[in-house]
Amino acid sequence: MAFPEDVLADEEEVVLHLAPHWRAAIVPLAVLLPAVAGLIMAWVLLPDTEGGRIGFWLAAAILVWYSLRYGVWPLVVWRCTHYVVTNERILLQRGVLTRERRDLPLNRVNDHALAQSVLDRVFGSGTLTVDSIGDRTAVLTGLPHAQRVQSTLYELIELSPAPDDDEADADPGPDEETAPAPRRGVFRR
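Once a new chain begins, its residue numbering starts again from 1 and follows that chain's sequence as written. With pLDDT at 70 or above as the cut-off, local features in this predicted model cover only qualifying residues; side-chain atom pairs require 80 or more to be listed or tallied, and sums for whole chains, interfaces and linings still use all residues. Each side-chain value is worked out from all heavy atoms of the structure, with water and hydrogens disregarded.

Asker: Explanation requested: the sheet that holds strand β1 (residues 14-18) in the structure shown.
Answerer: Within a beta sheet, neighbouring strands are joined by backbone hydrogen bonds and run either parallel or antiparallel to one another. Reading across the sheet, the four strands line up as β1-β2-β3-β4 and stay open at both edges, with antiparallel pairing between neighbours. Every other strand in the sheet has two partners, leaving β1 and β4 (100-105) as the edge strands with one partner each. Across the sheet, the mean angle separating the axes of adjacent strands is 15° when strand polarity is ignored. Of the pairings in the sheet, the one linking β1 to strand β2 (residues 82-86) comprises four bridges and is antiparallel in character. Bridge pairing in β2 links His 17 to Val 84. Packed on one face of the sheet, helix α4 (residues 146-159) meets β1, β2 and β3 (89-94) and runs near 155° to β1. We treat two strands as partners when DSSP finds at least two bridges between them. For helices the rule is a DSSP run of H or I covering at least 4 residues; for strands it is a run of E covering at least 2, with both sets numbered from the N terminus onward. Working convention: axes come from line fits to C-alpha atoms, limited for helices to the stretch in contact. Angles between N-to-C directions cover 0 to 180 degrees. Should any heavy atoms of two residues lie within 4.5 Å, those residues are considered in contact.

Asker: Would you take a moment to explain the nonpolar core for this structure?
Answerer: Nonpolar side chains tend toward joint burial in soluble globular proteins. To qualify as a nonpolar core, a set must consist of buried Ala, Val, Leu, Ile, Met, Phe, Trp, Tyr and Cys residues joined through side-chain atoms within 4.5 Å. Only protein chains enter the accessibility calculation, which uses a 1.4 Å probe; a residue whose area is less than 20% of its type maximum is buried, one above 50% is exposed, and one in between is partly exposed. Leu 128, Val 130, Leu 140, Leu 143 and Leu 153 are the most contacted members of the largest nonpolar core, which has 18 residues in total. Secondary structure elements with two or more residues in this core: β1, β2, β3, β6 (125-132), β7 (136-144) and α4. Here this core gets four residues from one element, more than from any other, and that element is α4. Residues in contact with Leu 140, not counting those within four places in the same chain, are Tyr 83, Leu 92, Gly 126, Thr 127, Leu 128 and Val 130.

Asker: What's the story with the pattern of salt bridges in this structure? I'm lost.
Answerer: Here the idea is simple: oppositely charged side chains can pair when their charged atoms come close. Every case where a carboxyl oxygen of Asp or Glu lies within 4 Å of a side-chain nitrogen of Lys or Arg is listed as a salt bridge. Evaluated as defined, the whole model comprises four salt bridges. With a shortest N-O distance of 3.2 Å, Arg 53 and Asp 48 are connected by a salt bridge. You can call Arg 53 partly exposed: its relative accessible area is 37%. Here Asp 48 falls in the exposed class, since its relative accessible area comes to 68%. Counted as one network, the salt bridges with shared partners bring together Asp 48, Glu 50 and Arg 53.

Asker: Where do I start with the packing of aromatic side chains in this structure?
Answerer: Given two aromatic rings, their pairing is described by the distance between the two centres and the angle made by the two planes. Two rings belonging to Phe, Tyr or Trp (six-membered ring only in the last case) form a pair when the distance between their centres is within 6.5 Å. Interplanar angles under 30 degrees mark stacking, angles over 60 mark edge-to-face geometry, and anything in between is tilted. Enumeration over the complete set of coordinates arrives at three aromatic pairs. On the basis of an interplanar angle of 90° and a centroid distance of 5.4 Å, the ring pair of Trp 22 and Phe 123 is categorised as edge-to-face. Here Phe 123 lies in helix α3 (residues 118-123) and Trp 22 lies in the loop between β1 and α1 (26-45), a separation of 101 residues in the sequence. Accessibility expressed as a relative area gives 31% for Phe 123, which makes it partly exposed. Judged by centre distance (5.6 Å) and plane angle (15°), the ring pair of Tyr 66 and Tyr 70 falls under stacked. Taken together, the residues span about one helical turn, with Tyr 66 and Tyr 70 both in helix α2 (residues 50-79) at a distance of four residues.

Asker: Even after reading the chapter, I still don't get α1, so can you show me in this structure?
Answerer: Given 3.6 residues to a turn, an α-helix orients residues that are three or four positions apart in the same direction. In this scheme, a helix's expected span is set at 1.5 Å multiplied by one less than its residue total. Between the first and last C-alpha of α1 there are 28 Å, a value that for 20 residues agrees with the 28 Å anticipated at 1.5 Å per step. Listed as buried for α1 are Pro 28, Leu 32, Ala 35 and Ala 42. The arc that holds the buried residues of α1, viewed along the axis, is 95°, so those residues lie on one side. Away from the buried face of α1 by more than 90 degrees, exposed residues Leu 33, Met 41, Val 44 and Leu 45 are located. Buried residues along α1 sit against α2. Directions drawn from the helix axis to the C-beta atoms are what define this arc.

Asker: Explain a nonpolar patch on the surface here, please?
Answerer: A grouping of Trp 22, Ile 26, Val 118, Leu 119, Val 122 and Phe 123 is seen on the molecular surface, where their side chains present a nonpolar patch of about 620 Å² in accessible area. Residue contributions to the nonpolar patch peak at four residues, all from α3. By the element assignment, Leu 119 lies in helix α3. Overall, the relative accessible area of 46% leaves Leu 119 in the partly exposed class. Each patch is assembled from residues with relative accessible area greater than 30% and no salt bridge, linking like charges that lie within 9 Å and nonpolar side chains (Val, Leu, Ile, Met, Phe, Trp, Tyr) that lie within 5 Å. Each accessible area value is a Shrake-Rupley result obtained with a 1.4 Å probe; residue values ignore everything except the protein chains displayed when judging cover.

Below you can see the structure in the form of structure tokens.
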């Protein structure tokens, strides 16, 4: 499922569009393959009698349930999860039937940490935790190319304006007084 471009602002550009690492699909595929093999074995090995047909439909119902629950559904969830980094914010979108979208402005990010296990280091993936001002945290699990994403995120944060820069650039109104410039020199107030 493609990420909708209509959620982006006018001047906003997508820098990174990622999905969780492909190794998240290994376990669901490992469930699907034996389920299909079991279904074929039940079809071939069970006799063509009334009891054999009942046994086949019972085995088919169980195998289809487990393959849908533990095989197909995790694959669909994996495919419908998006991690998007733009020049202005980080967007996390999850969900198949109901959708959850969360965004963190880059100018409010105050910390980002990368955690990698040994297996994550082998595959180049990791978990990136992004903390922002106001106790908001975003966790990007199973992130592919995690070190490169963290470096790119650092560069984007350095380029984004600080939250107070927008207010400092605005001209003061006629009723507002400007603060005096701080004194420079040996003695400061």
